[in-house]
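# Structure assessment
Spelled out, the chains give:
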Amino acid sequence: MKFKALAIDIDGTITYSDRRLHFMAAEHLRNLGIPVVLATGNVLCYAAATSKLIGLGGKVISENGGVISTGFDTKPHISDSMEECEKAFSYLTPRFDLIRLDNDLRKTEIALRRNIDAEVLQSSLERAGFHMEVIDTRFALHIKSRKINKGTGLAKMASLMDLDVSDFVAIGDSANDREMFEVAGYGIAVSNADPDLKSIADYVTSMSFGEGTVEALNILNRKKFL
Ligand SMILES: O=C(O)COP(=O)(O)O
Ligand SMILES: [Mg+2]
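Looking up the protein chain in an unreviewed UniProt entry gives the name Phosphoglycolate phosphatase, with the organism given as Methanohalophilus halophilus. The Function (unreviewed entry) field of the UniProt record for the protein chain holds the comment "Catalyzes the dephosphorylation of 2-phosphoglycolate." Its UniProt record gives the protein chain a comment under Sequence similarities (unreviewed entry), which states: "Belongs to the archaeal SPP-like hydrolase family."

Structure representation (structure tokens):
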């Protein structure tokens, strides 16, 4: 079996635990020989800069699937879920000490510092009748539409690249990678990943963070999947 492209998470997967880029993982991605899509909860400019600095082609799924770009000079595809997120945020803001991240840059979801339990925010929203999802990536909290995730983003990216979503291998580390693993042809969790993500992964590396990604890419080559 050969996969035609790779979708890979940024924070916790091609970095160290403190978000510094793991150079060896970057080097392996640059030399992979198939398209590499960065799929992240971060904003578009962060994802695009990461792609450029690694030496990749600018294909990125950002804001957990809300903003997708197929190259550096192309117009991004932006979903329209911000209004719903803003309503949820306005409801939560007098009740909790929320610290918003990348406020001016986000187009489709709201990111928060992790000073509150995601489940507390989630149940508060549910009790008030909101259908938004609150996820904890272990780098930030995200208030997002349930209709948008890295899985829907990857399906969209695949169709824009004329590929099937099952042509992708996915590599990731946290809750926001779940749906991407569900739609990709093969999913690899790095060793530091959430137990929940590990439980649905096809393979779990023994190494953590960027070293886990290097291990994952070596394994994919050994299995002749790439
Ligand atoms: O934005 C986050 O919270 C984490 O980003 P990631 O999806 O690249 O791990
Ligand atoms: Mg991550």
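## Thoughts on the site of ligand 1
Residues in contact with ligand 1, as listed here, are Asp-9, Ile-10, Asp-11, Thr-40, Gly-41, Asn-42, Thr-137, Phe-139, Ala-140, His-142, Lys-150 and Asn-176. Separating an oxygen atom of ligand 1 from a side-chain N or O atom of Asn-42 is a distance of 3.4 Å. A distance of 2.6 Å separates an oxygen atom of ligand 1 from a polar atom in the side chain of His-142. Alone, ligand 1 offers 280 Å² of accessible surface; in the complex the protein occludes 98% of this. For the shell around ligand 1, a count of residues per class yields 3 nonpolar, 6 polar and 3 charged. Built from parts of two domains, the shell around ligand 1 gets at least three residues from each of domain 1 (5-78 + 148-223) and domain 2 (82-145).

## Points about the pattern of salt bridges
Within the structure shown, the criterion is met by 16 salt bridges. Here Asp-11 and Arg-19 are joined by a salt bridge, their closest N and O atoms 3.1 Å apart. Residue Asp-11 is classed as buried on the basis of its relative accessible area of 7%. For Arg-19, a relative accessible area of 36% puts it in the partly exposed group. Taking the shortest distance from any N to any O, the salt bridge between Asp-136 and Arg-114 comes out at 2.7 Å. One end of the pair, Asp-136, is in strand E8 (residues 133-136); the other, Arg-114, is in the loop between strand E7 (110-112) and helix H4 (118-127), with 22 residues separating them in the sequence.

Quick notes on the rules
- Residues numbered from 1 in each chain as written.
- Chains lettered and ligands numbered in written order.
- Predicted model: local features only at pLDDT ≥ 70, side-chain atom pairs only at ≥ 80, totals over all residues.
- Heavy atoms only, no water.
- UniProt positions renumbered as here; feature names shortened; annotations may be inferred.
- Near = heavy atom within 4 Å.
- Polar contact = N/O pair within 3.5 Å; in protein donor to acceptor, adjacent residues only side chain to side chain.
- Areas by Shrake-Rupley, 256 points an atom, 1.4 Å probe, with all protein chains shown as cover.
- Nonpolar A, V, L, I, M, F, W, Y, C, P; charged D, E, K, R; others polar.
- Domains from an automatic or database assignment.
- Salt bridge = Lys/Arg side-chain N within 4 Å of Asp/Glu carboxyl O.
- Buried < 20%, exposed > 50% of the residue type's maximum accessible area, 1.4 Å probe, protein only.
- Helix = DSSP H or I, 4+ residues; strand = E, 2+ residues; numbered from the N terminus.

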